[in-house]
Amino acid sequence: MNAYPEGLRVAPSILAADFARLGEQVDAVIAAGARVIHVDVMDGHFVPPITIGPLIVAALRERVRAAGGWLDVHLMIERPEQQVEAFAQAGADSITVHFEATPHVHYALQQVHEHGCRAGVAVTPSTPVEALAELLDDLDLALCMSVNPGWGGQPFIEHSVDKLRRLRALLPDRVRLQVDGGVHAGTVNAVVEAGADLLVAGSGVFGADDPPAAYRELARAAGAR
């Protein structure tokens, strides 16, 4: 596992990539400076769509790690603790589970750590920040969903900015604060000012005609490395 990328980072989400050219597109944004590649996993149960599984993580592992990058896996699936081992073995560097997806969140985080990955918890727009209060010692990152999970291209939920501020106040300094959903040039400054330091962008990068240029533009707007 590579060292965790420090500082403010834009994390392109492959959910919006052209899967017929996935390796090529990931290589292109890495060449443009991306070091965190976000992988959205959906099961058709916790959220309606079905996306990808460990095979895609394994397919990307070597090309991301060769660049000193990080595979950031976001499990939008029911009972994620049952799938942690498979994603860790496939090459995930961090695995984020949803607070709402299992009654055993603490156990799921333990499983992530036991399999050698950084552990995160995501909260949907309706889940209060206080839900994470009993998990702080076990977190490496917290993910604030600024859209409803399950679909790319949704508009940013404006009250997420205040939620990010409250999360940043709750979290220890060592815990990274990630935001996912509707992150683009028009919203990026607000989320950064609210304390987010890992900025997931799917449509805003891979949905553009020129993903590497879109990545560089968004990173510049955010003041990211």
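This one's a predicted model, so the numbers in the text were calculated from it and none came from an experiment.

## Points about the overall build of the chain
So, point 1. On a plain count of helices and strands, the chain comes out with seven helices and eight strands.
So, point 2. For the chain, the C-alpha radius of gyration of 16 Å lies close to 17 Å, the compact-globule estimate for 225 residues.
So, point 3. Seen through its C-alpha atoms, the chain measures out along the principal axes to roughly 40 × 35 × 35 Å.
So, point 4. Here the chain holds 225 residues, and the buried ones make up 56% of them.
So, point 5. Carbon and sulfur atoms provide 49% of the accessible area of the chain, an area that totals close to 9200 Å².

## Overview of the sheet that holds strand S1 (residues 9-12)
So, point 1. One open sheet accounts for eight strands, arranged S1-S8-S7-S6-S5-S4-S3-S2; its pairing is parallel. The open sheet has two edge strands with one neighbour each: S1 and strand S2 (36-42). Across the sheet, the mean angle from the axis of one strand to that of its neighbour is 25 degrees, orientation sign disregarded.
So, point 2. Pairing geometry for S2 and strand S3 (residues 70-76), over seven bridges, is parallel. Bridge pairing in S3 links aspartate 40 to histidine 74.
So, point 3. Sheet strands touched by helix H4 (residues 105-114): strand S4 (94-98) and strand S5 (118-123). Its angle to S5, the strand with the most contacts, is close to 150 degrees.
So, point 4. Here helix H5 (residues 160-170) sits on the sheet and contacts S5, strand S6 (141-145) and strand S7 (176-180); the angle it forms with S7, its principal contact strand, is near 165 degrees.

## Examining the environment of tryptophan 151
So, point 1. Among the secondary structure elements, tryptophan 151 is positioned in the loop between S6 and H5.
So, point 2. When the C-alpha positions of tryptophan 151 and leucine 60 are compared, they lie 22 Å apart, and in sequence the two are 91 residues distant.

## What to know about the layout of surface pockets
So, point 1. Its volume calculated, the largest pocket comes out at about 310 Å³.
So, point 2. Around the largest pocket, the lining is made up of 27 residues, and of these Gly152, Gly153, Gly181, Gly182 and Gly202 lie nearest the centre.
So, point 3. Elements with a minimum of two residues in the lining of the largest pocket: S2 and strand S8 (198-201).
So, point 4. For the lining of the largest pocket, the residue count by class is 13 nonpolar, 12 polar and two charged.

## Let's talk about the side chain of threonine 127
So, point 1. Relative to the assigned elements, threonine 127 resides in the loop between S5 and S6.
So, point 2. Its relative accessible area of 9% is what places threonine 127 among the buried residues.
So, point 3. At a separation of 2.5 Å, a polar atom in the side chain of threonine 127 contacts the side chain of glutamate 100.
So, point 4. In this structure threonine 127 touches Phe99, Glu100 and Lys163, once residues within four positions along its chain are discounted.

## Looking at the pattern of salt bridges
So, point 1. A full pass over the atoms with the stated rule returns eight salt bridges.
So, point 2. Across the pair arginine 21 and aspartate 18 runs a salt bridge whose closest N-O atoms are separated by 3.2 Å.
So, point 3. Residue classification places arginine 21 among the partly exposed residues on the basis of a relative accessible area of 35%.
So, point 4. The salt bridge partner of arginine 61 is glutamate 62, with a shortest N-O separation of 3.3 Å.

## Comments concerning the side chain of aspartate 93
So, point 1. Within the fold, aspartate 93 resides in the loop between helix H3 (84-90) and S4.
So, point 2. From its side chain, aspartate 93 meets the backbone nitrogen of leucine 71 in a polar contact 2.8 Å long.

## Observations regarding helix H2 (residues 54-66)
So, point 1. In this model, H2 (13 residues) spans 19 Å end to end at C-alpha, consistent with the 18 Å of a helix rising 1.5 Å per residue.
So, point 2. The axis of H2 is deflected most strongly, by about 40 degrees, at leucine 60.
So, point 3. Packing partners of the buried residues in H2 comprise helix H1 (22-31), S2, S3 and H3.
So, point 4. At the exit of H2 stands glycine 68, carrying a positive phi of roughly 75 degrees.

## Structural notes on the packing of H1 against helix H7 (residues 211-222)
So, point 1. Across the interface, H1 lies against H7 with an axial gap of 8 Å and an inter-helix angle of 35 degrees. The handedness of the crossing between H1 and H7 is right-handed. Where H1 approaches H7, its residues Gln25, Ala28 and Val29 are matched on the opposing element by Pro211, Pro212 and Tyr215.
So, point 2. Broken down by class, the residue content of the contact of H1 with H7 amounts to five nonpolar, one polar and no charged.

Criteria and thresholds
- Residues numbered from 1 in each chain as written.
- Predicted model: local features only at pLDDT ≥ 70, side-chain atom pairs only at ≥ 80, totals over all residues.
- Heavy atoms only, no water.
- Helix = DSSP H or I, 4+ residues; strand = E, 2+ residues; numbered from the N terminus.
- Rg over C-alpha atoms; globule rule 2.2 N^0.38 Å.
- Buried < 20%, exposed > 50% of the residue type's maximum accessible area, 1.4 Å probe, protein only.
- Areas by Shrake-Rupley, 256 points an atom, 1.4 Å probe, with all protein chains shown as cover.
- Pairing = 2+ DSSP bridges.
- Axes fitted to C-alpha atoms, helices over the stretch in contact; angles between N-to-C directions.
- Contact = heavy atoms within 4.5 Å.
- 1 Å grid on protein atoms, 1.4 Å probe; cavity = no way out; pocket = protein on both sides within 12 Å on 5 of 7 lines; lining within 4 Å.
- Points joined across faces, edges and corners; volume = space filled by probe spheres on them.
- Nonpolar A, V, L, I, M, F, W, Y, C, P; charged D, E, K, R; others polar.
- Polar contact = N/O pair within 3.5 Å; in protein donor to acceptor, adjacent residues only side chain to side chain.
- Salt bridge = Lys/Arg side-chain N within 4 Å of Asp/Glu carboxyl O.
- Expected span 1.5 Å × (residues − 1).
- Bend = angle between axes of the 7 residues up to and from the residue.
- Left-handed = near helix turned anticlockwise from the far one by under 90°.

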